[in-house]
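# A look at the structure
For reference, the chains in residue letters:
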Amino acid sequence: GENVEQHPSTLSVQEGDSAVIKCTYSDSASNYFPWYKQELGKRPQLIIDIRSNVGEKKDQRIAVTLNKTAKHFSLHITETQPEDSAVYFCAASMISGGSNYKLTFGKGTLLTVNP
Amino acid sequence: NAGVTQTPKFRILKIGQSMTLQCTQDMNHNYMYWYRQDPGMGLKLIYYSVGAGITDKGEVPNGYNVSRSTTEDFPLRLELAAPSQTSVYFCASSYLGRPNQPQHFGDGTRLSIL
């Protein structure tokens, strides 16, 4: 089955700096890569996702890049703010003809943005 | 829409007891999922369902059972609670049929088994 590795496990940055979280996946058939943000004691919430036919996707201060050849994808947060502090999870899945939409999650990165 | 609703939010069980974690969604999603989240770990899939009457095992199904009699409800059953099942349980749902449909999560059930 799919295996997703996520690094680093913790990341501390100063407000205004950029943060980068990296994930690798094992199954070359995976074609959907979402990122979830989970604040303390709250539910995971989707913040951005990318499909394998796209190399990069941006949404304001957040961007995700995908390298299919190397089987890795990264989350980039620019101009970090204290409210970006949370645990971030990457995930990978294969979507094919409506069957078997199962996400495999990384172990998460605790991001702390220091004011 | 309320989204995905989980009950209870917290529960303490004794070893060997049984209980059902409830999950309901009002978004007419066909896919539903149960995950567990252990401290410092990601979410691991317990069971999932692609529609009423259809369920399948995920990565860590042992000790759990599910049923899906309606589109809206996907309860998770623990028959003989064990300390290893102490965790936070998340239910999620998604609609497959359109591309890029994300999984929507409930608020979780925090379960302690003593």
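What you see is a predicted model; the values in this text were computed from it and never measured.

Each value, and the rule that gives it
Residues numbered from 1 in each chain as written. Chains lettered and ligands numbered in written order. Predicted model: local features only at pLDDT ≥ 70, side-chain atom pairs only at ≥ 80, totals over all residues. Heavy atoms only, no water. pLDDT = per-residue confidence, 0-100. Helix = DSSP H or I, 4+ residues; strand = E, 2+ residues; numbered from the N terminus. Disulfide = S-S within 2.5 Å. Buried < 20%, exposed > 50% of the residue type's maximum accessible area, 1.4 Å probe, protein only. Pairing = 2+ DSSP bridges. Phe/Tyr/Trp six-rings, centres within 6.5 Å; stacked < 30°, edge-to-face > 60°. Lys NZ or Arg CZ within 6 Å of the ring centre and 35° of its normal. Contact = heavy atoms within 4.5 Å. Buried area = accessible area lost by both parts, 1.4 Å probe. Salt bridge = Lys/Arg side-chain N within 4 Å of Asp/Glu carboxyl O. Polar contact = N/O pair within 3.5 Å; in protein donor to acceptor, adjacent residues only side chain to side chain. Nonpolar A, V, L, I, M, F, W, Y, C, P; charged D, E, K, R; others polar.

Attention shifts here to the confidence of the model for chain A. In the predicted model, chain A carries a mean pLDDT of 91, and the fraction of residues at 70 or more is 94%. At the level of individual helices and strands, chain A shows its lowest average pLDDT in strand β10 (residues 104-105) of chain A, which scores 90, and its highest in strand β3 (residues 19-25) of chain A, which scores 98.

Applying the stated criterion across every chain, the model contains 2 disulfides over all chains. At a sulfur-sulfur separation of 1.9 Å, the disulfide partner of Cys23 of chain A is Cys90 of chain A. Looking down the S-S bond of the Cys23 of chain A and Cys90 of chain A bridge, the torsion is -100°, so its handedness is left-handed. Taken together, the residues Cys23 of chain A in strand β3 and Cys90 of chain A in strand β9 (residues 86-92) connect sequence positions 67 residues apart. Across a sulfur-sulfur distance of 1.9 Å, Cys23 of chain B and Cys91 of chain B are joined as a disulfide pair. Between Cys23 of chain B and Cys91 of chain B, the S-S dihedral sits near -70°, and the bridge is therefore left-handed. Linking Cys23 of chain B in strand β3 (residues 19-25) with Cys91 of chain B in strand β9 (residues 87-94), this pair joins segments that are 68 residues apart in sequence. For Cys91 of chain B, a relative accessible area of 0% corresponds to the buried category.

All names here are of chain B. For strand β5 (residues 43-51) and strand β6 (residues 54-57), the ladder comprises 3 bridges, and the chain directions are antiparallel. Along β6, the bridge assignment pairs Tyr48 with Asp56. Linking β5 back to β6 in an antiparallel pair, the connection comprises 2 residues, with Gly53 at a positive phi of about 85°.

As a further point, take the packing of aromatic side chains. With the rule as written, the count across this model stands at 14 aromatic pairs over all chains. Taken together, a centroid distance of 6.0 Å and an interplanar angle of 55° make the contact between Tyr25 of chain A and Phe73 of chain A tilted. In this pair, Tyr25 of chain A is assigned in strand β3 and Phe73 of chain A in strand β8 (residues 72-77), connecting sequence segments 48 residues apart. Clustering of aromatic rings is evident, with ring pairs tying together Tyr36, Phe89 and Phe105 of chain A together with Tyr31, Tyr33, Tyr35, Phe90 and Phe105 of chain B. Of note, Arg68 of chain B hangs over the ring of Phe74 of chain B, and the distance from its end group to the ring centre comes to 6.0 Å.

What follows concerns the interface of chain A and chain B. Contacts between chain A and chain B engage 21 residues on the former and 23 residues on the latter. When the two sides are added together, the surface that chain A and chain B hide from each other amounts to roughly 1,900 Å², 54% of it contributed by carbon and sulfur. Inspection of the chain A/chain B interface yields 1 salt bridge. Put simply, Asp107 of chain B and Arg43 of chain A hold a salt bridge, and the shortest N to O gap is 2.7 Å. Where chain A touches chain B, the interface holds 5 residue pairs in polar contact (both at pLDDT 80 or more). Looking at the side of chain A that touches chain B residue by residue, the classes come out as 9 nonpolar, 6 polar and 6 charged.

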